[in-house]
Amino acid sequence: MGTVNVGIVGVGNCASSLVQGVAFYGAEGADPAGLPNPVCAGYSVADVRFTSAFDVNSGKTGRDLSEAIWAAPNNARRFADVPPLGVPVTEGFLGDGVGHTTAGRIDARGSAGVEEIAERLRATGTAVLVNFLPVGSPRATELYAEAALLAGCAFVNCMPSVVARSPRWAERFRQAGLPLVGDDLKSQFGSTLVHHALLDTLARNGVRLRSTYQLNNGGNMDFLNMQDPERLRSKQATKAQGMAGGTEGGALPAAAVHVGAEYIPFLEDRKVAFIRLEGSAFGGTPLEIELRMTVDDSPSAAGNVLDAVRYCRLALDRGISGVFDPVSALLMKAAPRPMTEDAALGELLALTGPQA
């Protein structure tokens, strides 16, 4: 069926785990343990090829992608050796992609324009562009979405910036005949998934939720970036939607839901999450749940990105354009049309056939 040619915007920890994952699981005879779908939409992990990459950190630009994923301030766990890929990291667009809390950690340079980025995508044969820009970068995100449209690429928005939820962007991708997946990636097994599962279990068993919180701690650049209250706000919004998406009983008032993020340097790429739920059970009696979980943050995201890019390749093959609703609902926290996992998988099977 060919290859899935992928471009990356932002060569940070998530990109590092994604690139390592393709090397790890794409090897002949690789053990598929930990991989959600060895084959997805008819494509194996070995079919995924990295063809372009963009960043504004001068310590990464100009280097092969296989080297740039190890450059500071990246601190994702190393679980695979990556051979040279022949993909240089190109200087991208700076814009609002670097916040004041992270500016001192990198030498940022980015003067590329949308036409220049689009030309690079075309020249490298990139079919799917994945956005890993920092939280709170709507202007830069929209520029890369524009470049994807000009170059004829599908776009996967892994960050909270509003793209798939924007009727304007959704319609532009539909008219261009290109798939769009977003917004804000779910981890393969992260705090949002666990939180959502607990909420769903309570609702199915008649417990009425009264209040809940999710407190996340980590030591990577994403958590440092979220120490800026303005940048955190968009993440809080998508987290809240992801926690409640697809559950029964309606939304809680804003005052009854809290999402927090704390930067703790020594945690590096580990995320420690604390979840609490309070509800009313039979006869109005109180019910409380508290949970603590620890996971490597970036590897937990990579599996779902691998599925997203392969679904996008299938969408390009079959002429599916605009927001790919079931894929967005399945893999993203803030899908334009939230639905349960079973409903999303059902729609996906009806749209794509047995290869999905």
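Keep in mind that what you see is a predicted model, and the values were worked out from it rather than measured.

Asks: How would you sum up the environment of A344? Please name residues and give values.
Replies: Mapped onto the secondary structure, A344 falls in helix 11 (residues 341-352). Through-space distance from the C-alpha of A344 to that of D325 is 7.9 Å; in sequence the pair is 19 residues apart.

Asks: Tell me about the sheet that holds strand 8 (residues 179-181), and please be specific about residues and values.
Replies: One open sheet accounts for seven strands, arranged 5-4-1-6-7-8-13; its pairing is parallel. Unpaired on one side and paired on the other, strand 5 (89-91) and strand 13 (322-323) mark the two borders of the sheet. With two bridges joining them, strand 7 (residues 154-157) and strand 8 adopt parallel strand pairing. Counterpart to V156 in the pairing with strand 8 is V181. Its contacts with the sheet put helix 3 (residues 114-124) on strand 4 (48-55), strand 5 and strand 6 (128-131), and the angle it makes with strand 4 is roughly 160°.

Asks: I'd like a rundown of the pattern of salt bridges, residues and numbers included.
Replies: Where charged atoms from two side chains of opposite charge approach closely, those side chains can pair. Within this structure, the stated rule accounts for 18 salt bridges. Here R172 ties to E146 by a salt bridge, and the two come within 2.7 Å at their closest N and O atoms. Here the residue R172 occupies a position in helix 5 (residues 167-176), and E146 occupies one in helix 4 (residues 138-151), the gap between them amounting to 26 residues. By relative accessible area, E146 is classed as partly exposed at 22%. Among the ionic pairs, R174 bridges to E171, the shortest N-O distance being 2.5 Å. Separated by three residues within a single helix, R174 and E171 lie in helix 5, roughly one turn from each other. With a relative accessible area of 44%, R174 lands in the partly exposed category. Taken together, the salt bridges that share partners define one network made up of R276, E278, E288 and E290.

Asks: Before we move on, could you go through the packing of helix 3 against helix 4 and cite the residues and values that matter?
Replies: Geometry of a packed helix pair, given as the angle between the helix axes and the separation of the axes. Put simply, helix 3 and helix 4 touch, their axes get as near as 8 Å, and they point 50° apart. Taken as axis vectors, helix 3 and helix 4 run oblique relative to one another. For the element pair helix 3 and helix 4, the recorded crossing hand is right-handed. When helix 3 is examined against helix 4, the residues V114, E115, I117, A118, L121 and R122 are found in contact with a partner set consisting of L143, Y144, E146, A147, A148, L150 and A151. Grouping the amino acids of the contact of helix 3 with helix 4 by side-chain chemistry returns ten nonpolar, no polar and three charged.

Asks: Mind laying out the side chain of S191, listing which residues take part and the relevant values?
Replies: By secondary structure assignment, the location of S191 is in helix 6 (residues 191-204). At 2.9 Å, the side chain of S191 and the side chain of Q214 are in polar contact. At 3.1 Å, the side chain of S191 forms a polar contact with the side chain of N216.

Asks: I'd love a proper account of helix 4, names of residues and values included.
Replies: In a regular helix each residue adds 1.5 Å, so 14 residues correspond to 20 Å; helix 4 covers 20 Å between its end C-alpha atoms and thus fits that length. For helix 4, the set of buried residues is A140, T141, L143, Y144, A145, A147, A148, L149 and A151. Residues of helix 4 that are buried sit in contact with strand 1 (4-9), strand 4, helix 3, strand 6, strand 7 and helix 5.

Asks: Give a description of helix 6 that names residues and reports values.
Replies: In this model, helix 6 (14 residues) spans 20 Å end to end at C-alpha, consistent with the 20 Å of a helix rising 1.5 Å per residue. What helix 6 keeps buried is the set S191, T192, V194, H195, H196, L198, L199 and L202. Positive phi shows up at G206, right after helix 6, with a value of about 80°.

Asks: If you had to explain the sheet that holds strand 11 (residues 270-280) to someone new, which residues and values would you point to?
Replies: Strand order in the open sheet made by the four strands is 10-9-11-12, with mixed pairing throughout. Each edge of the sheet is formed by a strand with only one pairing partner; in this case those strands are strand 10 (257-263) and strand 12 (286-296). Going from strand to strand, the sheet's axes swing by 10° on average, the running direction of each strand aside. Here strand 9 (residues 208-218) runs beside strand 11; their pairing, made up of ten bridges, is antiparallel. The partner of N216 across the bridge, within strand 11, is A273. Sheet strands in contact with helix 6 are strand 9, strand 11 and strand 12, and its direction is about 15° off that of strand 11.

What counts and what doesn't
Residues numbered from 1 in each chain as written. Predicted model: local features only at pLDDT ≥ 70, side-chain atom pairs only at ≥ 80, totals over all residues. Heavy atoms only, no water. Helix = DSSP H or I, 4+ residues; strand = E, 2+ residues; numbered from the N terminus. Pairing = 2+ DSSP bridges. Contact = heavy atoms within 4.5 Å. Axes fitted to C-alpha atoms, helices over the stretch in contact; angles between N-to-C directions. Salt bridge = Lys/Arg side-chain N within 4 Å of Asp/Glu carboxyl O. Buried < 20%, exposed > 50% of the residue type's maximum accessible area, 1.4 Å probe, protein only. Parallel < 35°, antiparallel > 145°, perpendicular 65-115°, else oblique. Left-handed = near helix turned anticlockwise from the far one by under 90°. Nonpolar A, V, L, I, M, F, W, Y, C, P; charged D, E, K, R; others polar. Polar contact = N/O pair within 3.5 Å; in protein donor to acceptor, adjacent residues only side chain to side chain. Expected span 1.5 Å × (residues − 1).

The quantities given are spatial measurements derived from coordinates; they are silent on function.
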